[in-house]
Amino acid sequence: MTPDDDRLSTIGARPQMRLEVLSAGDIDAIHAETLTVLEQTGVFVEDDAALDIFADGGARVDRETRMVRLPGEVVEAAIAACPPDDGAPVRFSNFDEGIMYRDPRTGELREGRTADAAASALLVDALGQIDDYAAAVRPSDAPAATAAIHGCEAALLNTSKPVGAEATSGWEVRVCAELAACVVGGLDELREDPIVSFGVCPVSPLKLPRDATEVIVESARLGLPNCILSMAMAGGSSPVTLAGTLVVHNAEVLSGIALAQLTEHGASVSYGSSTTSMDLRFAAASVGSPELALIGVAVAQMARPYRLPSLIAGA
Amino acid sequence: MGHEKTLTAFAAALAGASYVYGAGMTESGVTFDPAQLVMDDEWIAMIRHFTRGILVDRDTLGGADIAAVGPFGDYLSLPSTYAHMREQSQPRVMDRRVREEWEAAGATDMYERARRRACEILDDHQRAPLDDEVKARMRAVVERVDRERGGASGR
């Protein structure tokens, strides 16, 4: 073959490598099964304010059992309301959030402190491959009620990279936003340049606890990005089959996304996964396993037809 | 430590994930380890390198060089080698030297080199400067919420 063009291939210019573990038909089947689960079984929602938002948005809400059943069209409309993923190249971030910290100077393993949160943020600031910082350790030396705020301050003081803040209440979201607003010049500026974002985890199977719904609602109101990240464990908190686990996972994430969009049409959300299998020999989550890798690929594929950015456990 | 991270992060990156998180984590998320973060930074560089793929064009096919070098020369001193050498992967805490050189340099394992690198960064690196006024405003917010909800600041 004689090359007749300077550009023989576009591989190097724009990577088109795509690892896939699901067919288009598989993705459709998982989506359809998810809609059935959301419509017929529903999700448990702990908080009254979130129940109100779901009820106003067209869900069938049973106040007695706190079960929310979402008609397919409500779910589809919520997906369509999300700002579409911009297709930017993959970004990497650190783990959020460790209970223990290994001090690199002494080798000591101990509970994390505010200074460790600061050190972790400074390391991420320096490392060329880590694009975003996420609250790496909980400052155990700060008052328990404001530890997340101390961690957010330590992060913003030590890195100019985007900060994923730890928040388990609407109040913490507001205060972290206030801190980030100090850096960018105000809450309106923060909306334009969201240097702080949040993340929530439903509790598998099929529960949206108060901390998750408060953070979803408050970040949507403030116009700040939020990741809804499920942590189902196949064989424990979701079906032992990975396909069934993806259905439970998808139902949980989409119910959170629906709440965000019913709160604020066009809220910035991403589709997260730390879902994996439970090693049934030890009753422990298998992280770093082929199952987590398979689910990670599947989730990245599932987020694409939804036009949602995906955030996958990996590094 | 390395194998598991590569399996999961590599798969997610190749699948077209928007974000991959978890660097610095050990023990299934119990412990955050700065040395692990430095090692993960290096795995990620390798993963990124792979996802950039292989560029095939007139220049990279190298026909003129192949003809000029023939079967008996080498490519070390060619201008094209110099021009492209910085595109190579350049791990820093992974050690590619032969055993004798590694032993002469102290025979440290990867974790130890990553730990030292973490300490160097903590000693030397500085965040882009923030205005003192910004810092003071943030401190005022934290002190206010400590008064409102936290009780005494610190133990």
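Calculation criteria
Residues numbered from 1 in each chain as written. Chains lettered and ligands numbered in written order. Predicted model: local features only at pLDDT ≥ 70, side-chain atom pairs only at ≥ 80, totals over all residues. Heavy atoms only, no water. Helix = DSSP H or I, 4+ residues; strand = E, 2+ residues; numbered from the N terminus. Rg over C-alpha atoms; globule rule 2.2 N^0.38 Å. Buried < 20%, exposed > 50% of the residue type's maximum accessible area, 1.4 Å probe, protein only. Contact = heavy atoms within 4.5 Å. Areas by Shrake-Rupley, 256 points an atom, 1.4 Å probe, with all protein chains shown as cover. Lys, Arg positive; Asp, Glu negative; His and termini not counted. Charge placed at Lys NZ, Arg CZ, Asp CG, Glu CD. 1 Å grid on protein atoms, 1.4 Å probe; cavity = no way out; pocket = protein on both sides within 12 Å on 5 of 7 lines; lining within 4 Å. Points joined across faces, edges and corners; volume = space filled by probe spheres on them. Salt bridge = Lys/Arg side-chain N within 4 Å of Asp/Glu carboxyl O. Pairing = 2+ DSSP bridges. Axes fitted to C-alpha atoms, helices over the stretch in contact; angles between N-to-C directions. Core = buried A, V, L, I, M, F, W, Y, C linked by side-chain atoms within 4.5 Å.

Structural notes on the overall build of chain B
Alright, step 1. Helices and strands together make up the secondary structure of chain B, namely 8 helices and 3 strands.
Alright, step 2. Taken from the N to the C terminus, the helices and strands of chain B come in the order α-β-β-β-α-α-α-α-α-α-α.
Alright, step 3. The C-alpha atoms of chain B give a radius of gyration of 23 Å, which is well past the 15 Å a tight globule of 155 residues would have.
Alright, step 4. Principal-axis analysis of the C-alpha atoms gives chain B an extent of 80 × 40 × 35 Å.
Alright, step 5. Of all 155 residues assigned to chain B, the portion counted as buried reaches 38%.
Alright, step 6. Within chain B, counting contacts between residues at least 6 apart in sequence, those at least 24 apart form 49% of the total.
Alright, step 7. About 9400 Å² of surface is accessible on chain B, with carbon and sulfur atoms providing 54% of the total.

Some remarks on the overall build of chain A
Alright, step 1. In terms of regular secondary structure, chain A is built from 10 helices and 16 strands.
Alright, step 2. Computed over the C-alpha atoms, the radius of gyration of chain A is 20 Å, within 12% of the 20 Å expected from 2.2 N^0.38 for a compact globule of 315 residues.
Alright, step 3. Based on the C-alpha atoms only, the size of chain A along its principal axes is roughly 70 × 50 × 50 Å.
Alright, step 4. Taken across its 315 residues, chain A has 57% of its residues classed as buried.
Alright, step 5. Restricting to contacts in chain A with at least 6 residues of sequence separation, those with at least 24 account for 68%.
Alright, step 6. Surface accessibility of chain A: about 12400 Å² in total, with carbon and sulfur atoms responsible for 53%.
Alright, step 7. If the 22 positive side-chain charges of chain A are averaged to one point and the 44 negative ones to another, these points end up 3 Å apart.

Side note on empty space enclosed by the protein
Residues and elements named next belong to chain A.
Alright, step 1. Enumeration over the complete set of coordinates arrives at 2 cavities of 30 Å³ or more.
Alright, step 2. In this model, the largest cavity occupies a volume close to 100 Å³.
Alright, step 3. Secondary-structure elements contributing two or more residues to the lining of the largest cavity are α5 (147-158) and β8 (163-164).
Alright, step 4. Among the elements that line the lining of the largest cavity, the one with the most residues is α5, at 5 residues.

Quick look at unusual backbone geometry
Residues and elements named next belong to chain A.
Alright, step 1. Cis rather than trans, the peptide bond between Asp96 and Glu97 has omega equal to 5°.
Alright, step 2. Relative to the elements of secondary structure, Glu97 occurs in the loop between β4 (91-94) and β5 (100-102).
Alright, step 3. Note that the residue after Ser204, namely Pro205, is joined by a cis bond; omega there is -5°.
Alright, step 4. Its location among the elements puts Pro205 in the loop between β9 (196-200) and β10 (207-208).
Alright, step 5. Phi is positive for Arg66, which is not a glycine, with a value near 60°.
Alright, step 6. Relative to the helices and strands, Arg66 is located in the loop between β2 (60-62) and β3 (67-69).
Alright, step 7. Taking relative accessible area as the criterion, Arg66 reaches 23% and is therefore assigned partly exposed.
Alright, step 8. The backbone phi angle of Ala283 is positive, close to 50°, even though this residue is not glycine.
Alright, step 9. Within the secondary structure, Ala283 sits in the loop between β14 (276-279) and β15 (284-286).
Alright, step 10. Judged by its relative accessible area of 55%, Ala283 falls in the exposed class.

Some thoughts on the pattern of salt bridges
Any two side chains of opposite charge can pair, so long as their charged atoms come close to each other.
Alright, step 1. Counted by the stated rule, this structure contains 25 salt bridges over all chains.
Alright, step 2. Here Asp116(A) and Arg110(A) are joined by a salt bridge, their closest N and O atoms 2.5 Å apart.
Alright, step 3. Among the residues examined, Asp116(A) registers a relative accessible area of 5% and is labelled buried.
Alright, step 4. Between Asp40(B) and Lys5(B) there is a salt bridge, with the nearest N and O atoms lying 3.0 Å from each other. Taken together, the residues Asp40(B) in helix α2 (residues 34-51) and Lys5(B) in helix α1 (residues 3-14) connect sequence positions 35 residues apart. Lys5(B) carries the same exposure label as Asp40(B), and that label is buried.
Alright, step 5. It is possible to trace a salt-bridge network through shared partners that takes in Asp103(A), Glu108(A), Arg110(A) and Asp116(A).

Brief notes about the sheet that holds strand β11 (residues 226-230) of chain A
Alright, step 1. In space, the 8 strands of this open sheet follow the order β4(A)-β1(B)-β16(A)-β13(A)-β11(A)-β9(A)-β8(A)-β7(A), with parallel pairing throughout. Edge positions in the sheet fall to β4 and β7 (133-134) of chain A, since each has one partner strand and no second.
Alright, step 2. In the sheet, β9(A) pairs with β11(A) via 3 bridges, with the strands oriented parallel. Along β11(A), the bridge assignment pairs Val200(A) with Ile228(A).
Alright, step 3. The sheet contacts of helix α9 (residues 242-263) of chain A involve β11 and β13 (269-273) of chain A, and relative to β13(A) the element is tilted by about 160°.

Side note on the nonpolar core
Alright, step 1. Ranked by size, the top nonpolar core spans 119 residues in total, and within it Phe54(A), Leu70(A), Phe198(A), Ile257(A) and Tyr271(A) carry the most contacts.
Alright, step 2. In terms of residue count, the dominant contributor to this core is α9(A) (10 residues).
Alright, step 3. When sequence neighbours within four positions are dropped, the list of residues in contact with Leu70(A) reads Leu38(A), Glu39(A), Phe54(A), Ala59(A), Val75(A), Ser255(A) and Ala258(A).
Alright, step 4. Residues Phe95(A), Cys227(A), Leu292(A) and Tyr21(B) belong to the second largest nonpolar core, which totals 8 residues.

Description of the pairing of β11(A)
Residue and element names in this part refer to chain A.
Alright, step 1. In terms of burial, β11 is a largely internal element, 5 of the 5 residues being buried.
Alright, step 2. Note: β11 against β13, 5 bridges, orientation parallel. Across the sheet, residue Leu229 finds its bridge partner in β13, namely Gly272.

Remember that the coordinates give geometry; whether it matters functionally is a separate question.
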